[in-house]
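A structural walkthrough
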Amino acid sequence: MRMLYKYTINTEQENFYNITAKVRAALETSGVESGTALVFCPHTTAGITINENADGDVVRDMLLGLNKAFPDRAEFHHAEGNSHAHLKASCIGCFVSLIVENSSLVLGRWQGIYFCEFDGPREREFFVKIIAEK
Amino acid sequence: MRMLYKYTINTEQENFYNITAKVRAALETSGVESGTALVFCPHTTAGITINENADGDVVRDMLLGLNKAFPDRAEFHHAEGNSHAHLKASCIGCFVSLIVENSSLVLGRWQGIYFCEFDGPREREFFVKIIAEK
Amino acid sequence: MRMLYKYTINTEQENFYNITAKVRAALETSGVESGTALVFCPHTTAGITINENADGDVVRDMLLGLNKAFPDRAEFHHAEGNSHAHLKASCIGCFVSLIVENSSLVLGRWQGIYFCEFDGPREREFFVKIIAEK
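What comes next is a walk through the structure. (Residues numbered from 1 in each chain as written. Chains lettered and ligands numbered in written order. Predicted model: local features only at pLDDT ≥ 70, side-chain atom pairs only at ≥ 80, totals over all residues. Heavy atoms only, no water.)

What follows is about the relation of the copies chain C and chain B. When chain C is fitted to chain B, the best match, at an RMSD of 0.0 Å, comes from turning it 120° and sliding it 0.0 Å along the axis. The operation mapping one copy onto its partner corresponds to a three-fold rotation axis. Of all interface residues in chain C, a mere 20% are interface residues in chain B too; the two copies therefore contact each other through different surfaces. (Least-squares fit on C-alpha atoms with pLDDT ≥ 70 in both. Contact = heavy atoms within 4.5 Å.)

This is the structure in structure tokens:
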């Protein structure tokens, strides 16, 4: 594996998990000074987003707001009963791309990288690919 | 064109089209072993997402849920009458980035790449850019 | 800084700002002919999207539709009172990736790149990273 790192995470039913430290660890291991990083979630009822890293109430409120916008619906057909989780996953997205400069992630002061579980509890995984600038 | 591939697709009024095989074909043609792939939709009422590749009911339910969250509204001003399609396009996003490893896309078992039409029928196009690792 | 460009923007309470010309300027300065571009917003209540560049009513309608889908709610706990802005930011996303070919951005005829303010007025910034193909 060329600067491709895989992590596992055990999730609750629904929550966001701050994985910024893991992405930073992958970058440090790679030794890359300048380029980009791609964080990718290989699941269809979970996602990756960047949002507030300080007040945990933001994550709580975001989950509440997502459940209001994309509730479970009686009209859904999917037999597993988790179409609302699929919807949230595609709305949030399953990857984020980041800039790497001076061997660091370019992130705003309040930004953290989150693994977003919408259909746990499960053992999940995600990948971090570090791409060095030519 | 350097590892940039263009595809056309004829769409219905509203549907998701599994384009995973086309993205894999682009990767194979490129001959790239390691790097990333960027799938990009050059339209403003269509998008690209990654979601469930097995049960077609998931796509059906996602379209239903998106229409509930982002319905057409009497308050909209845009004369073409498709502001709800623009909204869905920006919510889903017009591109996805993927990891390439061992000449393959890194995708989860249930993940497929979809072209999402929100305002057809139309002849649409999308691009696949393969980026080789240095 | 290696082909990393930073811009500032003064925003109103809520609006989308067309930054396509700035991204094109960054690309021109870089001198890169082929590769990709990553536009990144380092804030948690603002985002980046690609949508209609012609009729301003589309942006107006999108803001209205986002406010309907993700309204402020009495149940929110976050003391700053801007959880709806955090939600919109994660739904829209804080970055876009673009293809660069023949020293130009690959964009559809109607596509523009927007900085999306959901919690202004503020002085904001965004980054444009140009990644040359090897």
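Residues and elements named next belong to chain B. One open sheet accounts for five strands, arranged 1-8-3-5-6; its pairing is antiparallel. Each of the sheet's edge strands pairs with one partner strand only, and the pair in question is strand 1 (4–10) and strand 6 (104–105). Here strand 1 pairs with strand 8 (residues 123–132) via seven bridges, running antiparallel. From the neighbouring strand, Ile-9 faces strand 8, where its bridge partner is Arg-124. (Pairing = 2+ DSSP bridges. Helix = DSSP H or I, 4+ residues; strand = E, 2+ residues; numbered from the N terminus.)

Next up on the list: the pattern of salt bridges. Taken as a whole and judged by the stated rule, the model has 27 salt bridges over all chains. The residue Lys-88 of chain B makes a salt bridge to Glu-14 of chain B at a minimum N-O spacing of 3.1 Å. With a gap of 74 residues between them, Lys-88 of chain B in helix 3 (residues 83–92) and Glu-14 of chain B in the loop between strand 1 and strand 2 (15–18) connect regions that are remote in the sequence. Residue classification places Lys-88 of chain B among the buried residues on the basis of a relative accessible area of 1%. On the basis of relative accessibility, which here comes to 25%, the residue Glu-14 of chain B falls in the partly exposed class. Among the ionic contacts, a cluster of salt bridges with common partners joins Arg-2 and Lys-129 of chain A together with Glu-101 and Glu-133 of chain B. (Salt bridge = Lys/Arg side-chain N within 4 Å of Asp/Glu carboxyl O. Buried < 20%, exposed > 50% of the residue type's maximum accessible area, 1.4 Å probe, protein only.)

All right, on to unusual backbone geometry then. Among all residues except glycine, the phi angle is most often negative; among peptide bonds, the trans geometry is most common. A cis geometry characterises the amide bond from Gly-120 of chain A onward to Pro-121 of chain A, with omega recorded as 0°. Turning to its location among the elements, Pro-121 of chain A is positioned in the loop between strand 7 (111–117) and strand 8 (123–132). Within the chain, Asn-102 of chain B stands out as a residue other than glycine whose phi angle is a positive 55°. Positionally, Asn-102 of chain B belongs in the loop between strand 5 (95–101) and strand 6. For Asn-102 of chain B, a relative accessible area of 65% corresponds to the exposed category.

Residues and elements named next belong to chain C. Pairing is antiparallel in the open sheet, where three strands are placed in the order 2-7-4. Here the strands that pair on one side only, and so sit at the sheet edges, are strand 2 (15–18) and strand 4 (46–52). Between one strand axis and the next, the sheet turns by 35° as a mean value, whatever way the strands run. (Axes fitted to C-alpha atoms, helices over the stretch in contact; angles between N-to-C directions.)

In this section: the interface of chain B and chain A. At the interface, 35 residues of chain B touch 33 residues of chain A. Of the roughly 2,800 Å² buried between chain B and chain A on both sides combined, carbon and sulfur atoms contribute 62%. Per-residue buried area on chain B facing chain A is highest for Ile-99, Glu-133 and Lys-134 of chain B; these three make up 20% of the total on that side. Summed over the shared surface of chain B and chain A, the number is four salt bridges. Note that Lys-68 of chain B is salt-bridged to Glu-75 of chain A, the shortest N-O span being 3.6 Å. At the junction of chain B and chain A, the tally comes to 13 residue pairs in polar contact (both at pLDDT 80 or more). If you list the elements that add at least two residues to the side of chain B that touches chain A, you get strand 3 (35–40), strand 4 (46–52), helix 2 (56–69), helix 3 and strand 5 of chain B. The biggest single contributor to the side of chain B that touches chain A is helix 2 of chain B, with ten residues. Classifying every residue of the side of chain B that touches chain A gives 17 nonpolar, nine polar and nine charged. (Buried area = accessible area lost by both parts, 1.4 Å probe. Polar contact = N/O pair within 3.5 Å; in protein donor to acceptor, adjacent residues only side chain to side chain. Nonpolar A, V, L, I, M, F, W, Y, C, P; charged D, E, K, R; others polar.)

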